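# Coordinate inspection notes
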Amino acid sequence: MSQVTPIERARAAYGADIPDWVEGLARACAETSQNRVAKRMGVSAAMISNVIAGKYPGDMARVEDLYRGAFEAQTVDCPAMGVMPLDQCRHWRAKSRKLSNANTRNVTMFRACNRCPINKGGSDG
């Protein structure tokens, strides 16, 4: 019995409307492993599996940002830190929901992210 590849699973779940980044995510899993892809994106392997299977109930835009930043090297121009990978931007946006004054970088990013048009619903680059 042959094993179904991640790409085949994604195509079966999404059909002809498969987003390019989901296909890329499945391809990355086929080339390495789901665990390695998840680690690189900073998420769980179960989440990756659910996205590929078309069953992830969470924020798909977040997963897309994490994928594009980690695997496509997409960047944004951060007002505080300059050009940074999209997945790191997403990380700082998530942290900016609550101020953590553990260090000056956290405070700087809290202020910058809360003023940033990307965080206010604007374009991600």
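As the structure is a computational prediction, the values presented were derived from the model and not from experiment. (Residues numbered from 1 in each chain as written. Predicted model: local features only at pLDDT ≥ 70, side-chain atom pairs only at ≥ 80, totals over all residues. Heavy atoms only, no water.)

A count of helical and extended segments in the protein chain gives seven helices and two strands. In the protein chain, the succession of helices and strands from N to C terminus is α-α-α-α-α-β-β-α-α. Counting only C-alpha atoms, the protein chain reaches 55 × 25 × 25 Å along its principal axes. A fraction of 41% describes how many contacts in the protein chain between residues 6 or more apart in sequence connect residues 24 or more apart. Each charge class in the protein chain can be summarised by its mean position, and for the 18 positive and 12 negative side chains these summaries are 11 Å apart. (Helix = DSSP H or I, 4+ residues; strand = E, 2+ residues; numbered from the N terminus. Contact = heavy atoms within 4.5 Å. Lys, Arg positive; Asp, Glu negative; His and termini not counted. Charge placed at Lys NZ, Arg CZ, Asp CG, Glu CD.)

What follows covers the nonpolar core. Within the largest apolar cluster, 22 residues are counted, with the highest numbers of intra-cluster contacts made by L25, M41 and I48. Mapped by element, the contributors of at least two residues to this core are α1 (6-14), α2 (20-31), α3 (34-41), α4 (45-52) and α5 (60-71). Beyond its immediate stretch of four places on either side in the chain, L25 contacts V37, M41, I48, V51, I52 and Y67. Formed by ten residues, the second largest nonpolar core is a distinct cluster that contains V76, C78, L86 and W92. (Core = buried A, V, L, I, M, F, W, Y, C linked by side-chain atoms within 4.5 Å. Buried < 20%, exposed > 50% of the residue type's maximum accessible area, 1.4 Å probe, protein only.)

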